[in-house]
Structure formats: C-alpha cells, structure tokens
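Here are the chains, one letter per residue:
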Amino acid sequence: MSTGPGLESLVDQTISVITNDGRNIVGVLKGFDQATNIILDESHERVYSTKEGVQQLVLGLYIIRGDNISIVGELDEELDSSLDLSKLRAHPLKPVIH
C-alpha cells in the first residue's frame with residue numbers, strides 16, 4: 001500500500017476508513033507512518049443495520065493498523081452533516097477477503 005501524497009493531503013481532514021473486517025470508522029486524520037498505520041482523533045464507528053438507523057459508537061483518539069485498512073477516503077463534511085443517519089438503513093459490510 002502506498003503512503004504517497006494521498007494521505008499527506010488528508011492530514012487534519014475528516015476521513016472515512018473501511019477496515020478489512022467491514023467496520024466504517026470516521027475521524028480526523030492526525031498522522032500516519034510508512035506502514036500506513038493511521039491515527040484518528042474525534043473518531044466514531046458507524047454501525048449499519050437493515051432494521052434500525054445507523055449507530056455511532058464514540059471511539060475518540062484511535063489507531064488503526066495499516067494491514068487492517070481496506071479503503072481510506074475523504075469525507076464531504078457538508079454532505080455528511082445533511083444526512084439523517086437515524087433514518088438510513090443498510091446491510092453491514094462483509095469482511096474483505098484477500
């Protein structure tokens with residue numbers, strides 16, 4: 001996995017991380033290293049369900065190991081804040097199989 005200018009441009013930005021086990025963690029990227037281990041602040045996990053709205057579990061300062069990361073993406077904060085997560089229904093993501 002490359003740690004090129006892509007992650008550097010996201011420092012101090014709100015990002016969404018999808019882990020290999022299907023978790024969606026949102027937070028402010030504070031740092032990363034050559035192994036793509038990342039540090040998130042003000043983070044929370046979004047837990048999706050087909051029966052009830054999205055639950056947001058507060059994690060705070062959180063470290064994710066690089067070998068556990070599947071996707072990292074910038075979050076559009078304006079669009080995200082306009083979503084009513086309590087009404088959103090979705091199947092939880094399945095684990096990524098390499």
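One can find the structure itself at the top, above this paragraph.
Residues numbered from 1 in each chain as written. Predicted model: local features only at pLDDT ≥ 70, side-chain atom pairs only at ≥ 80, totals over all residues. Heavy atoms only, no water.

Take the pattern of salt bridges next. With the rule as written, the count across this model stands at five salt bridges. Among the salt bridges present, the one from Arg-23 reaches Glu-45, with a minimum N-O distance of 3.0 Å. Linking Arg-23 in the loop between β1 (14–19) and β2 (24–32) with Glu-45 in strand β3 (residues 38–47), this pair joins segments that are 22 residues apart in sequence. Residue classification places Arg-23 among the partly exposed positions, given a relative accessible area of 24%. Across the pair Lys-87 and Asp-84 runs a salt bridge whose closest N-O atoms are separated by 3.9 Å. On the accessibility criterion, Lys-87 (65% relative accessible area) is exposed. Note on Asp-84: relative accessible area 40%, which makes it partly exposed. (Salt bridge = Lys/Arg side-chain N within 4 Å of Asp/Glu carboxyl O. Helix = DSSP H or I, 4+ residues; strand = E, 2+ residues; numbered from the N terminus. Buried < 20%, exposed > 50% of the residue type's maximum accessible area, 1.4 Å probe, protein only.)

What follows covers the environment of Asn-37. When you line up the elements, Asn-37 lands in the loop between β2 and β3. Sequence separation between Asn-37 and Ala-90 is 53 residues; the distance between their C-alpha atoms is 28 Å. A polar contact of 2.7 Å, which involves the side chain of Asn-37, links it to the backbone nitrogen of Gly-66. (Polar contact = N/O pair within 3.5 Å; in protein donor to acceptor, adjacent residues only side chain to side chain.)

To continue, consider the nonpolar core. Grouped together as the largest cluster of nonpolar side chains are ten residues: Leu-7, Leu-10, Ile-15, Val-17, Ile-25, Leu-29, Ile-38, Leu-40, Ile-64 and Ile-69. Of all the secondary-structure elements, those providing two or more residues to this core are β1, β2 and β3. Not counting residues up to four positions away in its chain, the partners in contact with Leu-10 are Ile-15, Leu-29, Val-72 and Glu-74. (Core = buried A, V, L, I, M, F, W, Y, C linked by side-chain atoms within 4.5 Å. Contact = heavy atoms within 4.5 Å.)

What follows deals with the sheet that holds strand β4 (residues 55–64). Across the sheet, which stays open at both edges, the five strands sit in the order β4-β3-β2-β1-β5 with antiparallel pairing between neighbours. In this open sheet, the two strands that pair with only one neighbour each are β4 and β5 (69–74). Taking the axes of each pair of neighbouring strands and ignoring which way they run, one obtains an average angle of 30° across the sheet. Bridge analysis of β1 against β5 gives five bridges, and the strand direction is antiparallel. Its bridge partner being in β5, Thr-19 is matched across the sheet by Ile-69. (Pairing = 2+ DSSP bridges. Axes fitted to C-alpha atoms, helices over the stretch in contact; angles between N-to-C directions.)

Assignment of secondary structure puts Asp-80 in helix α2 (residues 77–82). On the accessibility criterion, Asp-80 (17% relative accessible area) is buried. Those residues in contact with Asp-80 that sit more than four places away from it in its chain are Arg-46 and Leu-75.

A few words on the pairing of β2. Of all nine residues that make up β2, seven are buried, and the element is covered over most of its length. With five bridges joining them, β1 and β2 adopt antiparallel strand pairing. Paired with Thr-14 across the bridge in β2 is Val-28. One ladder, built from seven bridges, connects β2 with β3; its direction is antiparallel. Following the sheet pairing, Asn-24 is matched in β3 by Arg-46. Hairpin remark: β2 followed by β3, antiparallel, with five residues in the connecting loop; positive phi at Thr-36, about 60°.

Geometric values such as these leave the question of function open.
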